[in-house]
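# Architecture and fold: a report
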Amino acid sequence: MSALAQRTGAVNLGQGFPDTDGPHEVLEAAVHALRSGRNQYAPGAGVPELRRAIAAHQHRFYGMELDPETEVAVTTGATEAIAAAMLAFVEAGDEVIVLEPYYDSYVAVIQMVGGVRRPVTLRAPDFRLPVDELRAAVGPRTTTIVLNSPHNPTGAVLRAEELEAVAQVAREHDLVVVSDEVYEHLTFDVPHVPIATLPGMAERTLTVSSGGKTFSFTGWKVGWACGPAPLIESLLKAKQFMTFTSGAPLQPAIAEALMLGDDFFAEFSAGMRARRDQLCTGLAEIGFDVFVPDGTYFATTDIRPLGFDDGLEFCRSLPERAGVVAVPHQAFYDDVEAGRPLVRWAFCKRPEVIDEALWRLSVLS
Ligand code: PMP
Ligand code: GLN
């Protein structure tokens with residue numbers, strides 16, 4: 001979709017990346033690292049100051065106690081953390097529960113390791129977790145749950161009772177939870193709660209995040225995983241033969257980013273909340289059914305009120321019809337019917353870009 005946007009000159013509200021760089025001091029820290037000789041292989045688990053900064057961040061925001069030596073690993077984006085986790089924890093034939101719609105890399109890596117996915121579908125209009133379906137999805141070969149909250153693409157944030165239900169299932173069936181929390185600092189109404197902080201969960205949860213979303217450096221691909229030492233050790237064994245080690249000079253810069261003051265994090269989510277409101281109000285005025293997200297930088301709409309019924313066809317023709325790119329939910333489902341009329345719009349863009357997109361989209365109403 002980004003290639004389509006480039007080819008057609010459309011406004012790109014498709015792929016989730018901001019159109020402005022993150023904090024200047026973090027950029028400067030990367031430049032400093034590049035110029036001060038930090039250009040050879042970093043340790044496999046990541047540079048020590050980044051591992052310490054990740055542990056300190058988890059303590060500052062969530063009260064988690066992590067040993068940066070053994071319970072934190074730096075990866076090439078959250079994507080590598082998830083892939084290495086699947087390689088480490090899932091054997092051929094094992095079943096893995098994923099929330100559907102799912103971030104596309106989960107399904108691909110589960111397939112690559114010979115696992116079997118068991119989707120549990122979050123359905124419009126409120127995208128809540130159907131707890132009974134989650135329980136029914138667990139079988140004798142289930143080993144792992146991949147969780148994602150705040151959730152891409154729906155923007156749902158799992159509520160306390162939903163997290164507790166997942167935790168209960170995991171404890172009861174002795175499952176590992178891989179919790180993708182890359183949008184942890186993008187919740188608008190309720191604070192983010194890592195599932196690892198629930199009783200009995202720290203010892204079975206791998207928490208994954210990334211500097212890409214929080215600090216608006218998606219192209220740096222600095223991610224991480226934290227969790228109990230045996231899980232981190234297994235993940236690092238997989239990572240050793242995937243990338244061995246991640247880009248060295250960007251790691252100290254993300255360490256500085258993680259230590260930014262509380263104001264940075266508060267302003268980041270308040271700014272994104274304003275853009276959410278700008279985009280969602282505008283899309284509703286055009287005539288879409290809008291599902292206002294509680295988190296992430298994605299909003300979902302149902303396109304049927306405007307006379308369309310297939311999101312994929314709608315998104316393919318949208319650059320020509322209106323000069324805008326969006327992403328069809330269908331890309332994120334096994335149950336294509338559940339996602340057919342849904343379209344995702346990214347609002348991590350400058351307000352004038354969102355306005356331009358809305359102005360262009362007004363031809364649809
Ligand atoms: N998980 C989710 C839910 C995402 O939306 C993204 C964003 N691309 C990623 C993982 C990947 O993060 P990274 O770019 O750090 O690999
Ligand atoms: N997470 C972002 C998205 O869902 C970008 C990642 C990607 O394009 N694979 O749009």
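The name an unreviewed UniProt entry gives the protein chain is Pyridoxal phosphate-dependent aminotransferase, with Aeromicrobium halocynthiae as the organism.

With 25 residues, helix α11 (residues 262-286) extends 37 Å between its outermost C-alpha atoms, agreeing within 8% with the 36 Å of an ideal straight helix rising 1.5 Å per residue. Burial in α11 covers these residues: F265, F268, S269, M272, R276, Q278, L279, C280, G282, L283 and I286. G287 lies just past α11 and shows a positive phi near 125°.

Attention shifts here to the packing of aromatic side chains. Inspection of every chain in the model, using the stated rule, returns 18 aromatic pairs. Ring geometry for Y183 against Y297: centres 5.6 Å apart, planes inclined by 75°, an arrangement best described as edge-to-face. Residue Y183 is located in the loop between β6 (176-180) and β7 (205-210), and its partner Y297 is located in the loop between β9 (289-291) and β10 (298-302); the two are separated by 114 residues in the primary sequence. Considered together, Y183 and Y297 belong to a single accessibility category, that of buried residues.

Every one of the 13 residues lining ligand 1 counts as a neighbour, but T79, D180, Y183, S210 and K221 are closest to it. In this structure, Y183 approaches ligand 1 through a side-chain N or O atom, which is 2.6 Å from an oxygen atom. One of the side-chain N or O atoms of K213 is found 3.1 Å from a nitrogen atom in ligand 1. In the complex, the protein chains occlude 92% of the 400 Å² of accessible area that ligand 1 would expose alone.

With that out of the way, let us pick up the side chain of E162. Within the secondary structure, E162 is located in helix α7 (residues 160-172). Looking at E162, the relative accessible area reads 5%, which means it is buried. The residues touching E162, leaving out its near neighbours within four places in the chain, are R128, L129 and V157.

What follows concerns the sheet that holds β7. One open sheet holds the seven strands; their spatial order is β2-β8-β7-β6-β5-β3-β4, and the pairing between them is mixed. Looking at the sheet topology across the chains shown, the edges are occupied by β2 (72-76) and β4 (116-121). Pairwise comparison of adjacent strand axes, ignoring direction, gives a mean angle of 20° for this sheet. In terms of strand pairing, β7 meets strand β8 (residues 222-226) through four bridges, oriented antiparallel. The partner of S210 across the bridge, within β8, is G223. Against the sheet, helix α3 (residues 48-62) touches β2, β7 and β8, its axis set at about 110° to β2.

As a further point, take the environment of G287. Structurally, the position occupied by G287 is in the loop between α11 and β9. Residues G287 and D302, 15 residues apart in the sequence, show an inter-C-alpha distance of 9.7 Å. Each residue touching G287, except ones within four places of it in the same chain, is listed here: P305 and L306.

So, how was this worked out
Residues numbered from 1 in each chain as written. Chains lettered and ligands numbered in written order. Predicted model: local features only at pLDDT ≥ 70, side-chain atom pairs only at ≥ 80, totals over all residues. Heavy atoms only, no water. Helix = DSSP H or I, 4+ residues; strand = E, 2+ residues; numbered from the N terminus. Expected span 1.5 Å × (residues − 1). Buried < 20%, exposed > 50% of the residue type's maximum accessible area, 1.4 Å probe, protein only. Phe/Tyr/Trp six-rings, centres within 6.5 Å; stacked < 30°, edge-to-face > 60°. Near = heavy atom within 4 Å. Polar contact = N/O pair within 3.5 Å; in protein donor to acceptor, adjacent residues only side chain to side chain. Areas by Shrake-Rupley, 256 points an atom, 1.4 Å probe, with all protein chains shown as cover. Contact = heavy atoms within 4.5 Å. Pairing = 2+ DSSP bridges. Axes fitted to C-alpha atoms, helices over the stretch in contact; angles between N-to-C directions.

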